[in-house]
Amino acid sequence: MCAEVRTVLDVSAVAVTMVDPVTRRLDRRAQVGLPPAWLDDPPSVPVSWLEDNLPAGVVLVFGREAGPHPKGSLYERTGLSWSAVTAMRHEGVMVGFITALQFGGDRVLTTEDRAWLDAVARLLSQVVGAGKLLEALRRSEQSYRRIVTTTHEGVCTVDAQQRTSFVNQRMADMVGYTVDEMLGRRLHDFVAPEDHELITAKFAERRAGVHERYEHRYLRKDGSRVTVQASVSPLLDDAGVF
């Protein structure tokens, strides 16, 4: 789930943190993209402050606009540009929050991004309140993917063999195929031949952990070309494996 949120928002990292209902302490349960330094020594935020300042439907964004990060701080060492936080609340009580983070680059969070992140938080709030987080995340996967399919951007993910593992309807429409026709096929099947070498090189960069935007051409089913501006990010597991 975190990986798909990161792909749609085109950010460096996404984390889901829960609030223990008994101790009221924070417990990060899922993440993708956080640098090792962040995992080793995560910043501490009082739950009481979050409860007072993060009502339902609000996305707080913290960034360098307030001034440079303190010298030697975690934020400076990891090159954090900004982080966006929105709460998950169940029956008025904060049960956790989702954080999207950008390390370096010029990516900014748009109004649409904020609304989309809040929609994901509301979805998780509904299912998290009923049981354990990991079970809730599994149960929410189908509903979460419905959110992904409604975005105005084409979204697809490919596995380590460059075969498509997820495609939303917007992406399928762009290249003139159905979603089912695209699933399981090699990415090169949908790329203009003149850009095959480029895509191969870019895929190697994904393995190296590079996030970037670049332009290339898709080959539509009818043989025509469509030029796109792609925002791409590698999907790594908790051990950093591609």
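Residues numbered from 1 in each chain as written. Predicted model: local features only at pLDDT ≥ 70, side-chain atom pairs only at ≥ 80, totals over all residues. Heavy atoms only, no water.

The subject of this paragraph is helix H9 (residues 196–207). End to end, H9 covers 17 Å across 12 residues, agreeing with the expected 16 Å (1.5 Å per residue, within 8%). For H9, the complete set of buried residues consists of Ile199, Lys202, Phe203 and Arg206. Looking straight down H9, one finds its buried side chains confined to an arc of 105 degrees; they lie on one side. Among the structural elements, strand E6 (156–158), strand E8 (212–219) and strand E9 (225–232) are those in contact with the buried residues of H9. Taken from the residues just after H9, Gly209 is the one with a positive phi, measuring 90 degrees. (Helix = DSSP H or I, 4+ residues; strand = E, 2+ residues; numbered from the N terminus. Expected span 1.5 Å × (residues − 1). Buried < 20%, exposed > 50% of the residue type's maximum accessible area, 1.4 Å probe, protein only. Arc of directions from axis to C-beta. Contact = heavy atoms within 4.5 Å.)

With that settled, the discussion passes to the packing of aromatic side chains. Within the structure shown, the criterion is met by four aromatic pairs. Seen from their ring centres, Trp38 and Phe103 are 5.7 Å apart, and the 75 degrees between their planes marks the pair as edge-to-face. Of the two residues, Trp38 is situated in helix H2 (residues 36–40) and Phe103 in strand E5 (residues 93–103); the sequence distance between them amounts to 65 residues. An identical accessibility class is assigned to Trp38 and Phe103; each is buried. Measuring from ring centre to ring centre gives 6.2 Å for Trp49 and Phe62, while their planes differ by 50 degrees; the resulting arrangement is tilted. (Phe/Tyr/Trp six-rings, centres within 6.5 Å; stacked < 30°, edge-to-face > 60°.)

Within E5, 10 of the 11 residues are buried, leaving the element largely enclosed by the surrounding structure. Of the pairings in the sheet, the one linking strand E1 (residues 13–19) to E5 comprises six bridges and is antiparallel in character. Note on E5: the bridge partner recorded for Val16 is Ile98. Sheet topology places strand E4 (residues 80–90) next to E5; 10 bridges connect them, and they run antiparallel. Bridge assignment links Arg89 to a residue of E5, and that residue is Met94. Between E4 and the antiparallel strand that follows it, E5, lie two residues; Glu91 among them carries a positive phi value of about 55 degrees. (Pairing = 2+ DSSP bridges.)

One pass over the structure, following the stated rule, counts 13 salt bridges. In this structure, Arg24 and Glu51 form a salt bridge, with 2.4 Å as the shortest nitrogen-oxygen distance. Of the two residues, Arg24 is situated in the loop between E1 and strand E2 (26–32) and Glu51 in helix H3 (residues 47–53); the sequence distance between them amounts to 27 residues. Residue class for Arg24 comes out partly exposed when judged on its relative accessible area of 27%. By sharing partners, the salt bridges in this structure join Glu194, Asp195, Arg217 and Arg225 into a single network. (Salt bridge = Lys/Arg side-chain N within 4 Å of Asp/Glu carboxyl O.)

Attention now goes to the environment of Lys221. Mapped onto the fold, Lys221 is located in the loop between E8 and E9. The residues touching Lys221, leaving out its near neighbours within four places in the chain, are Val175, Gly176, Tyr177 and Glu181.

Another point: a nonpolar patch on the surface. The grouping of Leu26, Val45, Trp49 and Phe62 at the surface amounts to a nonpolar patch, some 320 Å² of accessible area in total. Residue placement: Phe62 occurs in strand E3 (residues 59–63). Judged by relative accessible area, which is 38%, Phe62 ranks as partly exposed. (Patch = residues over 30% accessible without salt bridge, like charges linked within 9 Å, V, L, I, M, F, W, Y side chains within 5 Å. Areas by Shrake-Rupley, 256 points an atom, 1.4 Å probe, with all protein chains shown as cover.)

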